[in-house]
Every structure is written in structure tokens, then in C-alpha cells.
Amino acid sequence: MSRINWLLMLSVSVLSLALMSQQAHCNDSTEQINNDSCMKCHKRNGKMQGHHALDELNLSCSSCHGEKGNHPKKPNELMVFSADSDLAVTTQNQVCLTCHIPKKLADTEWTHNVHAQKVACSACHQLHPQTDRIMTLTTKQRSDECQRCHSVQR
């Protein structure tokens, strides 16, 4: 084997190992958020997974849901992101926009701009599971999702 081929194979091997190591790190680096004090009670709901659980993001439950305050007493000031939430859509979305840049969102998918003032991010996105379901849909499936709210009048 020539020296160039050997170096090429070595480089590919090192790159492969680095990528596998990174993937393993991404899969396992949820310790910080899953050791959050909130998880003492909320672990029955499952662990935080996926991109938002990465330790590098330095997120805690309070990063999105707010400070514990008088929780678990009711009423409390914790933010809940769901269709039946009492929080205004703009308030819910503002939490997401503390990290996500509106221009990047618009460049990624035009529907972000169209819906930003009227539809909560959580109406389409799921942040706690390993994979955000909306990110796995085909174009046709996304179109079908749109029809849940939009119907054509004939």
C-alpha cells in the first residue's frame, strides 16, 4: 500500500472515530439537565432528551419554564407550553427566541415568519423527546400537518 493511501485511510479512520465519539457524547451528555432539581419529581414524565438536553447548551428546566417560585403550589408562575396554556403565544415564543434567531428560523422554513405571532412554537415542535417529530416529516407530511389548522374552502 502506498504511503498516500495509508495516510488517507488513517485520516478517514481518525475522522470516523471522532464522529462516533461525538455521536456517543451527544447521546450521553444529558446528565446536567436530567439532574436538575425539577427531575426529582418530574422524572415520571421521562428524561429530557434530544438536542435541547445537550450539556453544552447549559440549559436547566428553569431556562425555559421559569424559576420554581412557589411551585408545586397552585397557582404558580411556571410557564407551560401547550395548546391549553394560559400564556399568550407571543410570550411562549419569546422564550424560544431567547436562543433561536428569527432570521435563521425564517431562512430554514418560511412558515416560521407567517406563524410567529399567532401560533406557539410548541404547536408544531416537541422539545423533550429524542427527536422533534416535525423535523422528521417529509414535505407531503408537513403539508398534511398544515391542514390540521388550514382547510381549503370550496
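First, a word on scope: everything that follows refers to the structure included in this document. Note that the structure is a prediction, hence the values are computed from the model and not measured. (Residues numbered from 1 in each chain as written. Predicted model: local features only at pLDDT ≥ 70, side-chain atom pairs only at ≥ 80, totals over all residues. Heavy atoms only, no water.)

**Brief notes about the overall build of the protein**
Part 1 of the argument: Within the protein, the regular secondary structure consists of eight helices and zero strands.
Part 2 of the argument: Starting at the N terminus and walking to the C terminus, you meet the elements of the protein as α-α-α-α-α-α-α-α.
Part 3 of the argument: Residue burial in the protein is summarised as follows: out of 154 residues, 16% are buried.
Part 4 of the argument: Summing over all exposed atoms, the protein offers an accessible surface of approximately 12,200 Å²; the carbon and sulfur share of this is 59%. (Helix = DSSP H or I, 4+ residues; strand = E, 2+ residues; numbered from the N terminus. Buried < 20%, exposed > 50% of the residue type's maximum accessible area, 1.4 Å probe, protein only. Areas by Shrake-Rupley, 256 points an atom, 1.4 Å probe, with all protein chains shown as cover.)

**A look at the environment of T91**
Part 1 of the argument: With respect to the helices and strands, T91 occurs in helix α5 (residues 89–96).
Part 2 of the argument: Each C-alpha atom, one on T91 and one on M79, is 9.3 Å from the other, the two residues being twelve residues apart in sequence.

**So, the side chain of E145**
Part 1 of the argument: As for its position among the elements, E145 is in helix α8 (residues 139–146).
Part 2 of the argument: A polar contact of 2.9 Å, which involves the side chain of E145, links it to the side chain of R148.
Part 3 of the argument: Not counting residues up to four positions away in its chain, the partners in contact with E145 are R133, I134 and L137. (Polar contact = N/O pair within 3.5 Å; in protein donor to acceptor, adjacent residues only side chain to side chain. Contact = heavy atoms within 4.5 Å.)

**Some points on the side chain of S85**
Part 1 of the argument: Within the secondary structure, S85 is located in the loop between α4 (61–65) and α5.
Part 2 of the argument: Overall, the relative accessible area of 17% leaves S85 in the buried class.
Part 3 of the argument: Within the structure, S85 has its side chain in polar contact with the backbone oxygen of V80 (distance 2.7 Å).
Part 4 of the argument: Here the side chain of S85 touches L87 through a polar contact of 3.1 Å, landing on its backbone nitrogen.

**Structural notes on α5**
Part 1 of the argument: For α5, the complete set of buried residues consists of Q92, N93, V95 and C96. Each buried residue of α5 lies within a common arc of 150 degrees when the element is viewed along its axis, so the set occupies one face.
Part 2 of the argument: Residues of α5 that are buried make contact with α4. (Arc of directions from axis to C-beta.)

**Considering the pattern of salt bridges**
Part 1 of the argument: A full pass over the atoms with the stated rule returns five salt bridges.
Part 2 of the argument: Across the pair E109 and R142 runs a salt bridge, and its minimum N-O distance is 3.2 Å. Of this pair, E109 sits in the loop between α6 (102–108) and α7 (111–115) while R142 sits in helix α8, and the two are 33 residues apart along the sequence.
Part 3 of the argument: Here K140 ties to D144 by a salt bridge, and the two come within 2.9 Å at their closest N and O atoms. One end of the pair, K140, and the other, D144, are both in helix α8, four residues apart, so they sit about a helical turn from each other.
Part 4 of the argument: Judged by relative accessible area, which is 56%, K140 ranks as exposed.
Part 5 of the argument: What makes D144 partly exposed here is its relative accessible area of 39%. (Salt bridge = Lys/Arg side-chain N within 4 Å of Asp/Glu carboxyl O.)

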